[in-house]
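In case you want the letters, here they are:
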Amino acid sequence: MNFDLSPEQDQLRDAVRALGRKYGHSYFVQKAKSGGHTDELWHEAGRLGYLGVNIPTEYGGGGGGITELAIVCEELAAAGCPLLLLVVSPAIAATVIHKHGTEEQRKRHLPGLADGSQKIVFAITEPEAGSNFHRLGTVARRDGDDWLLSGRKVYISGVDEAGHVLVVARTEDAASGKLKPALFIVPTDAPGLDKSRLDMEILSPENQFLLFLDDVRLPADALVGESLDAGLPALFAGLNPERITVAAMGAGTGRYAIERASEYTATRTVWGGRSIGSHQGVAHPLAHAAVQVELARLMIHKAAALYDAGRDLEAGVAGNMAKYASGEAAALAVDTAVQALGGAGMTTEYGVATLLGAVRAGRIAPVSREMILNFVAQHILGQEKSY
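Note that the coordinates shown come from a computational prediction; the quantities given were computed from them, not determined experimentally.

*Asks:* Quick question: what am I supposed to make of a nonpolar patch on the surface here?
*Replies:* Together, Met1, Phe3, Val291, Leu295 and Leu298 make up an exposed nonpolar region whose accessible area comes to about 590 Å². Secondary-structure assignment places leucine 295 in helix 7 (residues 280–308). For leucine 295, a relative accessible area of 48% gives the class partly exposed.

*Asks:* How do you make sense of the packing of helix 4 (residues 84–100) against helix 6 (residues 231–267) when you look at a structure like this?
*Replies:* How two helices pack is summed up by the angle between their axes together with the distance between the axes. Following both chains from N to C, one finds helix 4 and helix 6 inclined at 150°, their axes separated by 8 Å at the closest point. Comparing the axis directions of helix 4 and helix 6 gives the class roughly antiparallel. Of the two possible hands of crossing, helix 4 and helix 6 adopt the one that is right-handed. When helix 4 is examined against helix 6, the residues Leu84, Val87, Ala91, Ile92, Thr95, Val96 and His100 are found in contact with a partner set consisting of Pro233, Ala234, Ala237, Gly238, Pro241, Glu242, Thr245, Val246 and Met249. Residues that form the contact of helix 4 with helix 6 fall into these classes: eleven nonpolar, four polar and one charged.

*Asks:* Please explain the nonpolar core as it appears in this structure.
*Replies:* One broad rule of soluble globular proteins: the nonpolar side chains tend to lie buried together. Counting 86 residues, the largest nonpolar core has Leu149, Val165, Phe184 and Val186 as the members making the most contacts within it. For this core, the element with the highest residue contribution is helix 4, accounting for ten residues. In this structure phenylalanine 184 touches Ala140, Trp147, Leu149, Val165, Leu166, Val167, Ala169, Thr171, Leu218, Ala222, Leu223 and Val224, once residues within four positions along its chain are discounted. Ranked by size, the runner-up nonpolar core spans 19 residues in total, among them Tyr256, Tyr264, Ala344 and Val359.

*Asks:* Sorry, what's going on with helix 1 (residues 7–34) here?
*Replies:* Each turn of an α-helix holds 3.6 residues, which means side chains three or four residues apart point in the same direction. Its 28 residues give helix 1 an end-to-end C-alpha distance of 39 Å, which sits within 8% of 40 Å, the value for a rise of 1.5 Å per residue. Glycine 24 marks where helix 1 bends most, by close to 60°. Looking at the residues trailing helix 1, positive phi occurs at glycine 35, about 80°.

*Asks:* In this structure, what is going on with the domain arrangement of the protein? I would like to understand it.
*Replies:* How big an interface is tends to be stated in terms of the accessible area lost upon association of its parts. Each assigned domain of the protein is listed with its residue range as follows: domain 1 (7–119), domain 2 (122–227) and domain 3 (232–381). Relative to domain 3, the C-alpha centre of domain 2 lies at a distance of 30 Å. Contacts between the two partners involve ten residues from domain 2 and, on the opposite side, eight residues from domain 3. Roughly 730 Å² is buried in total at the junction of domain 2 and domain 3, and carbon and sulfur atoms are behind 81% of that figure. A per-residue breakdown of the area domain 2 buries against domain 3 is headed by Phe133, Ile202 and Leu203, which together make up 45% of the total.

*Asks:* Teacher, can you tell me more about empty space enclosed by the protein here?
*Replies:* In this approach the atoms are scanned with a rolling probe the size of a water molecule, which exposes any empty space left behind. Inspection of every chain in the model, using the stated rule, returns one cavity of 30 Å³ or more. As a volume, the largest cavity reaches approximately 40 Å³. In this structure, the largest cavity is lined by His37, Thr38, Trp42, Leu83, Leu85, Lys119, Glu161 and Glu206. Here the lining of the largest cavity is composed, by residue class, of three nonpolar, two polar and three charged.

Here is what the cut-offs are and how they apply
- Residues numbered from 1 in each chain as written.
- Predicted model: local features only at pLDDT ≥ 70, side-chain atom pairs only at ≥ 80, totals over all residues.
- Heavy atoms only, no water.
- Patch = residues over 30% accessible without salt bridge, like charges linked within 9 Å, V, L, I, M, F, W, Y side chains within 5 Å.
- Areas by Shrake-Rupley, 256 points an atom, 1.4 Å probe, with all protein chains shown as cover.
- Salt bridge = Lys/Arg side-chain N within 4 Å of Asp/Glu carboxyl O.
- Helix = DSSP H or I, 4+ residues; strand = E, 2+ residues; numbered from the N terminus.
- Buried < 20%, exposed > 50% of the residue type's maximum accessible area, 1.4 Å probe, protein only.
- Axes fitted to C-alpha atoms, helices over the stretch in contact; angles between N-to-C directions.
- Parallel < 35°, antiparallel > 145°, perpendicular 65-115°, else oblique.
- Left-handed = near helix turned anticlockwise from the far one by under 90°.
- Contact = heavy atoms within 4.5 Å.
- Nonpolar A, V, L, I, M, F, W, Y, C, P; charged D, E, K, R; others polar.
- Core = buried A, V, L, I, M, F, W, Y, C linked by side-chain atoms within 4.5 Å.
- Expected span 1.5 Å × (residues − 1).
- Bend = angle between axes of the 7 residues up to and from the residue.
- Domains from an automatic or database assignment.
- Buried area = accessible area lost by both parts, 1.4 Å probe.
- 1 Å grid on protein atoms, 1.4 Å probe; cavity = no way out; pocket = protein on both sides within 12 Å on 5 of 7 lines; lining within 4 Å.
- Points joined across faces, edges and corners; volume = space filled by probe spheres on them.

Listed below in structure tokens is the structure:
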């Protein structure tokens with residue numbers, strides 16, 4: 001059992017950390033408050049090869065795995081720049097297309113995803129069905145050689161920044177008449193596709209949207225894979241990388257908050273000149289949060305290693321646990337940091353309260369803590385399904 005990163009992974013961590021600190025949390029906040037996007041950071045990360053670390057070298061990537069992409073997600077977040085589109089585009093879309101797309105789809109999309117010149121976002125969640133693909137209302141139907149997509153999607157990240165959206169729909173199996181999931185690569189400027197921005201209480205440069213698909217016409221090759229049989233495995237192919245990289249981003253955010261609070265409490269002096277960090281009432285909560293973040297990091301490392309080893313079932317369990325642990329740890333770390341800084345913790349200048357909305361959302365999305373507990377109870381503890 002080896003808990004050490006390889007020399008190459010260590011170098012990647014150091015390099016991404018340096019890039020993140022070059023921009024920093026003030027850059028992230030300024031972009032979010034001005035309605036801008038982190039384009040400069042994104043394109044530099046792409047040029048340096050960090051966005052494509054998990055994409056095969058023959059398509060312009062680094063040839064690594066989700067372990068490497070999790071490092072990128074964590075270190076940028078630890079520098080105060082948690083980029084949600086890292087989860088959506090390189091982790092979900094690139095993995096789905098690489099593992100289940102046609103060769104033409106790989107050649108068309110993976111190089112751009114690797115160098116950052118292309119972004120593909122992901123649309124599964126719906127107003128009524130949530131992310132339960134068994135009850136999705138978005139339907140794809142044949143019209144000659146084309147497909148027509150109709151339905152609604154909600155909480156879709158970064159549609160305004162992306163050239164394509166990977167839409168999960170349901171199609172009718174001609175043999176059985178049953179509906180089955182299928183994924184389609186849809187241009188974001190396709191006729192019939194409209195978007196409406198959602199106002200969120202989360203400080204982020206990446207916006208959320210409600211999508212409306214009204215008979216969006218797509219060519220046959222918009223379907224991911226060679227046939228409808230690719231739909232279900234393609235859908236599940238994106239879920240484990242999503243959970244692992246979201247967890248990594250949360251762990252990085254927790255590290256960032258604890259570091260900011262520790263710097264403050266070690267130098268802030270009151271009551272006779274002693275630092276406030278010398279008081280256990282301040283130090284112990286921060287230490288407890290640091291322990292929880294480190295425990296989450298261990299589970300993230302395990303989940304990524306299992307996924308990269310091709311042990312998908314075990315990676316699914318570990319990925320869910322990592323996502324749960326990281327969501328709880330990140331929320332605890334940011335809240336504890338705010339408390340330790342007192343009034344300063346609520347200012348924009350000190351850069352911790354700016355993350356409260358994001359870490360709270362991390363306990364809900366992309367899968368809620370309650371659904372993870374249902375998963376663990378059913379699949380690990382052998383309990384009867386509760387829903």
